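Architecture and fold: a report
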Amino acid sequence: MDLLDGLGWDAEAGVARASHPFLKWAGGKTRLLGRILPHMPARFVDYHEPFLGGGAVFFAVQDRFEGTAHLADLNEELIHAWLAVRDHANELQEALHVYAKNDSKEFYLRVRTEDPVGLVPRAARFIYLNQTSWNGLWRVNRWGQFNVPWGDREFRGLSALTLASLNRSLARSEVRCEDFRDALTRPQRGDFVYLDPPYLPISDTSKFHLYTEKRFRQPDLMELASLCEALSARGVPWIMSNRDTSLVRELFASSEIIRLTTKRSVAAQNKHDVEARESPEVVVVGRTA
Ligand SMILES: C[S@@+](CC[C@H](N)C(=O)[O-])C[C@H]1O[C@@H](n2cnc3c(N)ncnc32)[C@H](O)[C@@H]1O
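Each value, and the rule that gives it
- Sequence order sets the numbering: in each chain, residues are counted from 1 along the sequence as written.
- With pLDDT at 70 or above as the cut-off, local features in this predicted model cover only qualifying residues; side-chain atom pairs require 80 or more to be listed or tallied, and sums for whole chains, interfaces and linings still use all residues.
- Every axis corresponds to a line fitted to the C-alpha atoms, with the helix fit spanning only the stretch in contact, and the corresponding angles, defined between N-to-C directions, vary from 0 to 180 degrees.
- Per the convention used, a helix needs a DSSP run of H or I reaching at least four residues, while a strand needs a run of E reaching at least two, with both numbered from the N terminus.
- Any angle that falls under 35 degrees is termed roughly parallel, while one over 145 is termed roughly antiparallel, one within 65 to 115 roughly perpendicular, and all others oblique.
- Crossings are sorted by hand: turned counterclockwise from the far helix by less than a right angle, the near helix makes the crossing left-handed, and turned clockwise it makes it right-handed.
- Contacts here follow a simple rule: the backbone-placed C-beta atoms of the two residues must lie within 7 Å.
- Residue polarity follows a fixed list, in which Ala, Val, Leu, Ile, Met, Phe, Trp, Tyr, Cys and Pro are nonpolar, Asp, Glu, Lys and Arg are charged, and the others, Gly among them, are polar.
- The burial label depends on the number of other C-beta atoms within 10 Å of a residue's C-beta. Counts of 20 or more mean buried, 12 or fewer mean exposed, and intermediate counts mean partly exposed, with C-beta atoms placed from the backbone.
- A pair of strands is considered paired only if DSSP assigns at least 2 bridges between the two.
- Think of a nonpolar core as buried Ala, Val, Leu, Ile, Met, Phe, Trp, Tyr and Cys residues, each tied to the set through C-beta atoms within 7 Å.
- Multiply 1.5 Å by the residue count of a helix minus one, and that product is the helix's expected span.
- The reported arc concerns the directions from the helix axis to the C-beta atoms and nothing else.

The subject of this paragraph is the packing of helix 5 (residues 105-113) against helix 6 (residues 119-132). In the contact formed by helix 5 and helix 6, the axes pass within 11 Å of each other and the chain directions differ by 130°. Judged by the angle between their axes, helix 5 and helix 6 are oblique. The two elements helix 5 and helix 6 meet at a crossing, and its hand is left-handed. From helix 5, Tyr108, Val111 and Arg112 reach across to helix 6, where they touch Arg125, Tyr128, Leu129 and Thr132. In terms of residue class, the contact of helix 5 with helix 6 is built from four nonpolar, one polar and two charged.

In structure tokens form, the structure reads like this:
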């Protein structure tokens, strides 16, 4: 594999920029980039991604804007990881090295129960669990405790080169732990917004993805729909990914809805799960005034 595989070389800065996420995230959009990117403007001022997760789309659009990337998510642990990568790369690399040295199933189970204090220790634990848990899943119970089984995968950490390139990618970013309702007050005409909210379950009995202690429910999607209308009215272009359901079609009826057909990898692990077999997704493209 080429040393710079997955990195975009920035000749002017003399530093490579990362083009791939450093986290594995349920609902991550890497596989769908080819279907999403063509619907985005070629140039914009600031970029806004209020449901950041692993940030697959952010890494893919870095060359389209020269302003600031406003990156946000309600998962505080996830945001700690992004902040540590941006602001404390050396310290983080040392902390990850300790995890790599001790990596084993027993160690994983112990780390799962720990609750370290401080941004870098919390971020290092998060990245370790993300890379070694079953399918990279992040799931917490109602008390906020991480409860995903061991994934039987070797922990590789993040190399100095990867950290440097991630750093470069985040040089012009504001990273916040906040609700989408706050994040969506910021975009201005000339900016672009990409939205990838958690999908509502197909049926009442199917499982939610518990990214955060607070579930994303139908009233949240309804509020998101009216905030999207407000973006359109302010002249801000936006795109949302979602599942193709009658509710999504109803709430976003005034936008262009493009259907994609795909299988979702995390759900596909469970053959008994209805959502695994066929999960048609859509790209909703906002119309601006
Ligand atoms: C489908 S994932 C985004 C995946 C991302 N596009 C990627 O490529 O990795 C949805 C994200 O929304 C976050 N989230 C859930 N409820 C939220 C809320 N009310 N406000 C902001 N973020 C929220 C979750 O923590 C999760 O990271």
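Residue position: Pro50 is located in the loop between strand 3 (47-49) and helix 2 (56-60). Overall, the presence of 26 C-beta atoms within 10 Å leaves Pro50 in the buried class. Once the C-alpha coordinates of Pro50 and Pro197 are considered, the two residues, 147 residues apart in sequence, prove to be 8.4 Å apart.

What follows is about the pairing of strand 9 (residues 281-285). Counting buried positions over the five residues of strand 9 gives four, a clear majority of the element. The pairing of strand 7 (residues 238-243) with strand 9 spans five bridges and is antiparallel. Directly across from Ser241, in strand 9, lies its bridge partner Val283. Pairing of strand 8 (residues 256-260) with strand 9 involves five bridges; the strand directions are antiparallel. Bridge pairing in strand 9 places Glu256 opposite Val285.

This paragraph deals with the sheet that holds strand 8. Taken together, the seven strands give an open sheet; going across it, the order is 5-4-3-6-7-9-8, and neighbouring strands pair in mixed fashion. The open sheet has two free edges, formed respectively by strand 5 (173-177) and strand 8, since each of these has just one partner strand. Looking at each pair of strands side by side, their axes are set apart by 15° on average, direction ignored.

Below, the discussion takes up the nonpolar core. Ranked by size, the top nonpolar core spans 62 residues in total, and within it Ala81, Val85, Ala124 and Ile239 carry the most contacts. Filtering out sequence-adjacent residues up to four positions away, Ile239 remains in contact with Ile36, His39, Met40, Tyr194, Leu195, Val283, Val284, Val285 and Gly286.

This paragraph deals with helix 4 (residues 89-102). Given 3.6 residues per turn, any residue in an α-helix points the same way as the ones three and four places further on. The end-to-end C-alpha separation of helix 4 is 20 Å, in line with the 20 Å expected for 14 residues at 1.5 Å each. Considered for burial, the residues of helix 4 that qualify are Leu92, Gln93, Ala95, Leu96 and Tyr99. When helix 4 is viewed along its axis, its buried side chains cluster within an angular range of 165° and face the same direction. Exposed residues pointing more than 90 degrees away from the buried face of helix 4 are listed as Asn90, Glu94 and Lys101. Turning to helix 4, the residues buried within the fold contact helix 3 (76-87), helix 6 and helix 7 (160-169).

A few words now on unusual backbone geometry. The phi dihedral of Asn135 falls on the positive side, at around 60°, and the residue is not glycine. For Asn135, the location among the structural elements is in the loop between helix 6 and helix 7. The backbone of Asp152 shows a phi angle near 60°, a positive value even though the residue is not glycine. Tracing the backbone shows Asp152 in the loop between helix 6 and helix 7.

Attention now goes to the packing of helix 3 against helix 6. Two quantities define a packed helix pair, namely the angle between the helix axes and the distance between the axes. One can describe the packing of helix 3 onto helix 6 by two numbers: an axis separation of 8 Å at closest approach and a directional angle of 110°. Comparing the axis directions of helix 3 and helix 6 gives the class roughly perpendicular. Counting all contacts with helix 3, which are made through Glu77, Leu78, His80, Ala81, Leu83 and Ala84, the residues of helix 6 involved are Leu119, Val120, Arg122, Ala123, Phe126 and Ile127. The residue inventory of the contact of helix 3 with helix 6, partitioned by class, reads nine nonpolar, one polar and two charged.

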